[in-house]
Every structure is written in C-alpha cells, then in structure tokens.
Amino acid sequence: MSTPVDFLLWVRGPGFDIALVVFLIGVVIRLLEVLILGRKPDFAEPRGAELGAGLRTLVTRTLPEQGSFRRSPFTVVGGYIWHIGFFISLFLFIPHIELINATIGLSWPGIASNLVDAVAAVTIVTLVAMLFSRMSHPVKRYLSGPEDYLTWVVTILPMITGYLAYHRMIDPYPLALGLHILSVEILMVVFPFTKLMHAFTFFIARWYNGAMAGRRGVQS
Amino acid sequence: MSEATLERGMNAFREQMNAPIASFFSSCVNCGMCAEACLFYTETGDPKYTPINKLEPLRRVWEQEYTLWGRVKSMLGLSQPVTDELLEEWESLIYDGCTLCGRCSMVCPVGNDISYMIRHAREGFVAAGYSPEGMKGASRRAVTIGSPMGVKYPALAAQIKHVEADSGLSIPVDVEGVDYMALLSSMEIMNFPEYLEALARIFKQAGVTWTVSSEAFEATNAGIQIGSSDIARELVNRVVVAAEKLKVKYVISPECGHAYTAIRWEGPNLIGRPYKFKVVHILELLDELRASGRLKTEGMDETRLTFHDPCQIVRKGGVLEPPRNLLKMVASEFVDMHDAREMNWCCGGGGGVSANERAEELRLKVFKRKKTQLDELDVETLVTACANCRLVMEEGLEEYRMEIPVVGLTEMLAEHLVEEKSE
C-alpha cells in the first residue's frame, strides 16, 4: 500500500468487504440480542389494540411533543437538520447512487451536486454546533461519555472527507477518495457496537412504547 | 423476605430484562430531552435527575450481560460493574427523584418508555436492599396488617358506622353475588371518608348493587411502589380471593392512582392469569352511569376550577375522557391547565414518594411545577381523583401559601345528586 492508488484500491476492495461484513453481522446480532429476549404475555384485559397504537407511535414520535419542542428547540431543530442533511448527502448525491447501482443494482434519481454540496456544508456546521451543545448543555454534558464523542467523530468524518474530496482539497485525488471511503468504513464498523444502532432499534422501541400505552387506551 | 444482597439484586435485574427494555437501551442517544419532561429536573435544574440517568445500574446490567460487545468489554475489564456503592448512590434518584409519572415516556424521540424501565429497575434495588425506610415500612405494614397506613378492618367498620349514622344510608359489607365490590385506600378511610359516603349515595340513586369486603378493602399496593413483585402479588391476591369468593362481576378501583395500576394493569400478570371479574375505575363507572342516564345531578358549581390528572389514572391508566365528562355535568367554569390530560404534570408525590419521609423537601420543591400551572389559571378550586395526589397537593399548596381547596371528583358529584323525595 505504498501509493495513494494502492490505498484506494485496498479501501475499495478488501477494506470495504471487511467493513460490510462487520456491519451486517453486527447489526443482525444486535437486533437478535434484543428480539430473543421477548416479553411475557400480558393477562390484563386490554382497553385498546396494541398493533395500531404501536404503529401510530412509530410515526408520530418523529414530531416532537409541543412542550418538549419549546423546552429543547435546539436539540430538536439541530437533530432534524443534520439527520436529513446526512441522508440527503448519502442517498441523493449522484456518484453515491451510481455506486449503489453498480453494487446492488438499485437506482433512484439524485439531485444537483452543488445542492448536495450546500446541504453537506450545513450538515457539517450543524454537527459542530451539536457537539458544542453536547459539551455545554448541563444535561447533555452530564450524560455524555466517550461513546457519545466517538460516535460524533465517526459520523462527521465521512461528511468532512466527502466535502474535501468533492472540492479537491486533498491531493492527489485517489488519496482524498480513499480517505473518504475509509471514513465510511470506520463508521460501518463502529455502528453496531454503539448508540448508532438506534437507527435500527428505534423502530422496535417506538413500537413497544406505543403498543404498551395503546393497550391501556392511551396514544403515546 | 429473605436477606437482601447485591447478588439477589443482580438476579432481580436479570429477571426484568426483556425485549422492550433492551430495545430502549439500544436506542438511547443521550439527547437529554427526557430531562425537560421531568419535574425533578425542571424544578431543581440538577442533571442527575434526567430520567434516563436514573437507570444507569440497569443499563450496565443490560450492556454487560445482554450485548456481545458489552460482554467483551467486561472480559477485558473495560466496564464499570454494578456495585453496592452505585446502588446506594442511585437509590435516591430512583425512589426520591421519580414518581413513575411516565411523562418522560411520552416525549422520548426514539420512543423509550423510561418509567416502565424504572418500575422494573426498582425490583433490583429492593432485592439488593436499597429502598427508602418509609417505603419499606409501608410495605411491611401492608403485608402484616393489611394496609400501608396500618388501618385494620375495625377502623373501617367504625368509619362505616359514622357514615351510616350521618347519612342514613347503609354500607353493604361482605354481601355475596352483588355486581360491584368497592376498594378503598387507607387515605380515604382515614382522611377522606366523604368518598365512602359519596359512593353510597350515588349507588343508591343509580340502583347499583355493591359491597365492601371486610377481608380485602385496601386498594393501595405498596409492593408496586417499592418495586417488589412478591409483595405486590400477595396484596393483589387478597383482593382477587375476596372478589372471587363474593362472586362479584366487577371490582371498583377507588380515587387512588397507583391502586388502579396495581389492580387493573399489573395484577393479572402478578398472579399469572386473567381475573374472573373485571376491574373498573370509579370514574369509568360513574361515566357509564352518566351515559346511561342513571347518574342524575342538579345545579352547577360556578366557581372557576380545574382538574389535576392523576398520572396513573390518566396517562398510565387510560381513563382520559370520564373525568371531563363528569366535571362538565356539575361545573360551569371548568378550565383545563396548560399541559392537561395525558401530558399533565405530576403532583410530585406518586410512585411511593409521599410515603418516603426523607424525600419531603424535594417533593415540596418540585411542587412548584403544579404551582406554576395553577398560577396561570387563577382558579378557586382544584379537583382531582386520587387521594394521594389530593393530600400531596394540599401540603404543597399550604407550603406555598395558596388558598385553593382540593376536592375529590366523586364527592363533588355526590354533592350535586338529585335528592330523592322520601315517600
């Protein structure tokens, strides 16, 4: 791996395969760890059905409860911006779509690259602001441990390396692209072992919350 | 109960672990939004009261024993174990600083039902010997005497006699084959006997057949509050045995929040089977009588008043519409608080906090939340439907020198009953 091109070839080849295997197996294990625990049957006579209430909460929790929004506006708005920005950068940037198409044969329309560029810039700035908030807000600072900062780093790295590669700010380009792909691989490897797993388990959590409340006749 | 040890506590934590709890811990991103839903944080500003933080001991058990990565970290000595010191430190957070009100569970963006986890985590704390003296005492009295306040049947019999003499009505005791068996809380027996009289008057008018059991009249369940399923099961079982012996169709849960959670939602799971009777909350029954025209009231209370939603009855119990339907029958100037219904704020004394003497200062401090809600409304009367909320709010109002009487909804309705003409 003596030249930037060798480096790029490695991260695109074996490096990516390793990351993908760790990610997929890790996520499956984590989901099984949750689901095999199951829960005991509930003998209390239900007032409402679990299924509908669970599914409704799955959707409705996407919007904040009014009072929470008033009390944590920065967390809510910042959270929206960077999550949406991250997904736009990941899934609507045309080179990414082409890569996905070449790998698994799925394709969808993307948006103009300069628009993705602007979104990425906003996302990076927002993530920096979120870090500042985590370090300064008394509750977030109190709750935060190494994992919270590690996941922040591995989340922002693909954004930054992608931004630098797009603007040709690292020379030579194969090195820029290689670093970008490597940062994504780091994210994939860290993902199953940290709170990043919430991207999958929040479906389960919201469903249980809504179902258990719905059984008692409350929409949570 | 056998001796409490850390090992027993750890086993109790493990017994609680299930898919909902694992999905909740897996999903938390430490966003801190639950803090803003908790009156212990909003009124103290101390981040240790952030709801999810109160679960650190249970979270460690989950991470270290129920995740692959956590097990690896433990083997490498990279994780912090659950110790006696940790439980001792967290005891005040999970008991003094949480009323199990469930407000945090309504706002968590990833959907974590945090109060559900706290209810389960308390099982481990009790088994390890870390629970407040006041709550231990209440549990002991409930098991040995039959009531957390030490009220025995003769005390109830005396109150029944008083009520019968005052009202000229009869209170049926141990009558077999009637439709309803009414439960009471010790608080109602000792401090608010008006409730019993209200029941007698309303049921007479509506033609409801009912009884009180001399063997199981106590509705409260200290086991649920302290978090001991063994104690909770024993107490629920007394009610089940009595109700099935008297062959009633329904058991009425009184104006008490956690009693409803205990008998309605947790009871069947504690005894491991469905009941042979149904459980109704008194407000549900009254609303049914209203809807079918059997509850007739006259006159309207014209004072400006509001309703405090008891957490366990409304948010955690699902009795949402009945209180307001009933209030509208008798109050013309009813106004709702800001954040009413399932988002109402706790009185600060639920979940056993009011039975925990050392938590008194904190409880009065967090009552500021209710004070703020009331200040916004400028009401003359506060109505509620839980004897514990009622007493806690009376103390809070006194502390803050607010002269607002607190009234039980059932009694308020009884005061407006259409008087029957004697023949």
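Please read these numbers as outputs of a predicted model, since none were measured by experiment.

Draft legend 1. Seen up close, helix H17 (residues 322-330) of chain B. Listed as buried for H17(B) are Pro322(B), Pro323(B), Leu326(B), Leu327(B) and Val330(B). Projected onto a plane normal to the axis of H17(B), the buried residues spread over an arc of 125° and lie on a single side.

Draft legend 2. Highlighting the domain arrangement of chain B. Residue and element names in this part refer to chain B. When its domains are assigned, chain B resolves into domain 1 (6-131), domain 2 (140-291) and domain 3 (305-415). The element that contributes the greatest number of residues to the side of domain 2 that touches domain 3 is helix H16 (residues 282-291), accounting for six residues. Classifying every residue of the side of domain 2 that touches domain 3 gives twelve nonpolar, seven polar and eight charged.

Draft legend 3. Region of the structure containing the sheet that holds strand E6 (residues 381-384) of chain B. All names here are of chain B. The strand order across the open sheet formed by three strands is E5-E6-E7, and the pairing between neighbours is parallel. Edge positions in the sheet fall to strand E5 (305-307) and strand E7 (406-408), since each of these pairs with one other strand and no more. Averaged over all neighbouring strand pairs, the angle between strand axes comes to 30°, with direction disregarded. Pairing geometry for E5 and E6, over three bridges, is parallel.

Draft legend 4. Examining the environment of Leu156(B) more closely. Residue and element names in this part refer to chain B. With respect to the helices and strands, the residue Leu 156 is situated in helix H10 (residues 153-167). A residue is classified by how many C-beta atoms lie within 10 Å of it, and Leu 156, with 24 of them, is buried. As for Leu 156 and Gly 168, which are separated by twelve residues in sequence, their C-alpha atoms are 17 Å apart. Once residues lying within four places of it in the same chain are set aside, the contact partners of Leu 156 are Val 151, Ile 189 and Phe 217.

Draft legend 5. Summary view of helix H14 (residues 229-245) of chain B. Residue and element names in this part refer to chain B. If you check H14, its first and last C-alpha atoms are 24 Å apart, about what 17 residues at 1.5 Å a residue would give, namely 24 Å. Listing the buried residues of H14 in full gives Ser 229, Ile 231, Ala 232, Leu 235, Val 236, Val 239, Val 240, Ala 242 and Ala 243. Contacts made by the buried residues of H14 are with helix H8 (114-128), helix H9 (133-144), strand E1 (180-182), helix H13 (222-226), strand E3 (250-253) and helix H15 (257-271). Taken from the residues just after H14, Lys 247 is the one with a positive phi, measuring 55°.

Draft legend 6. A look at the packing of helix H6 (residues 84-96) of chain B against H8(B). All names here are of chain B. At a minimum axis distance of 11 Å, the contact between H6 and H8 shows a crossing angle of 135°. Classed by the angle they form, the pair H6 and H8 counts as oblique. Here the hand of the crossing between H6 and H8 comes out left-handed. Residues Leu 87, Glu 91 and Ile 94 of H6 touch H8, and the partners they reach there are Ile 118, Ala 121, Arg 122, Phe 125 and Ala 128. Of the residues that constitute the contact of H6 with H8, the class distribution is six nonpolar, no polar and two charged.

Draft legend 7. Fine view of the nonpolar core. Formed by 150 residues in total, the largest nonpolar core has its most connected members in Cys34(B), Val251(B) and Ile252(B). Top element by residues in this core is H8(B). It accounts for nine residues. Not counting residues within four places of it along the chain, the set of residues in contact with Cys34(B) comprises Thr50(B), Pro51(B), Ile52(B), Cys104(B), Val107(B), Cys108(B) and Ile114(B). Counting 15 residues, the second largest nonpolar core, distinct from the first, contains Ala19(A), Ala165(A), Leu179(A) and Ile181(A).

Draft legend 8. Representation of the environment of Phe86(A). One can find Phe86(A) in helix H4 (residues 73-91). Sequence separation between Phe86(A) and Ile186(A) is 100 residues; the distance between their C-alpha atoms is 16 Å.

Draft legend 9. Quick look at the interface of chain A and chain B. Facing 47 residues of chain A, the contacting portion of chain B comprises 48 residues. Broken down by secondary-structure element, the contributors of at least two residues to the side of chain A that touches chain B are helix H1 (4-35), helix H3 (66-71), helix H7 (138-143) and helix H10 (198-215) of chain A. Take the side of chain A that touches chain B: its biggest share by element is nine residues, from H10(A).

Reading the values: rules and limits
Residues numbered from 1 in each chain as written. Chains lettered and ligands numbered in written order. Predicted model: local features only at pLDDT ≥ 70, side-chain atom pairs only at ≥ 80, totals over all residues. Buried ≥ 20, exposed ≤ 12 C-beta atoms within 10 Å, placed from the backbone. Helix = DSSP H or I, 4+ residues; strand = E, 2+ residues; numbered from the N terminus. Arc of directions from axis to C-beta. Domains from an automatic or database assignment. Nonpolar A, V, L, I, M, F, W, Y, C, P; charged D, E, K, R; others polar. Pairing = 2+ DSSP bridges. Axes fitted to C-alpha atoms, helices over the stretch in contact; angles between N-to-C directions. Contact = placed C-beta atoms within 7 Å. Expected span 1.5 Å × (residues − 1). Parallel < 35°, antiparallel > 145°, perpendicular 65-115°, else oblique. Left-handed = near helix turned anticlockwise from the far one by under 90°. Core = buried A, V, L, I, M, F, W, Y, C linked by C-beta atoms within 7 Å.

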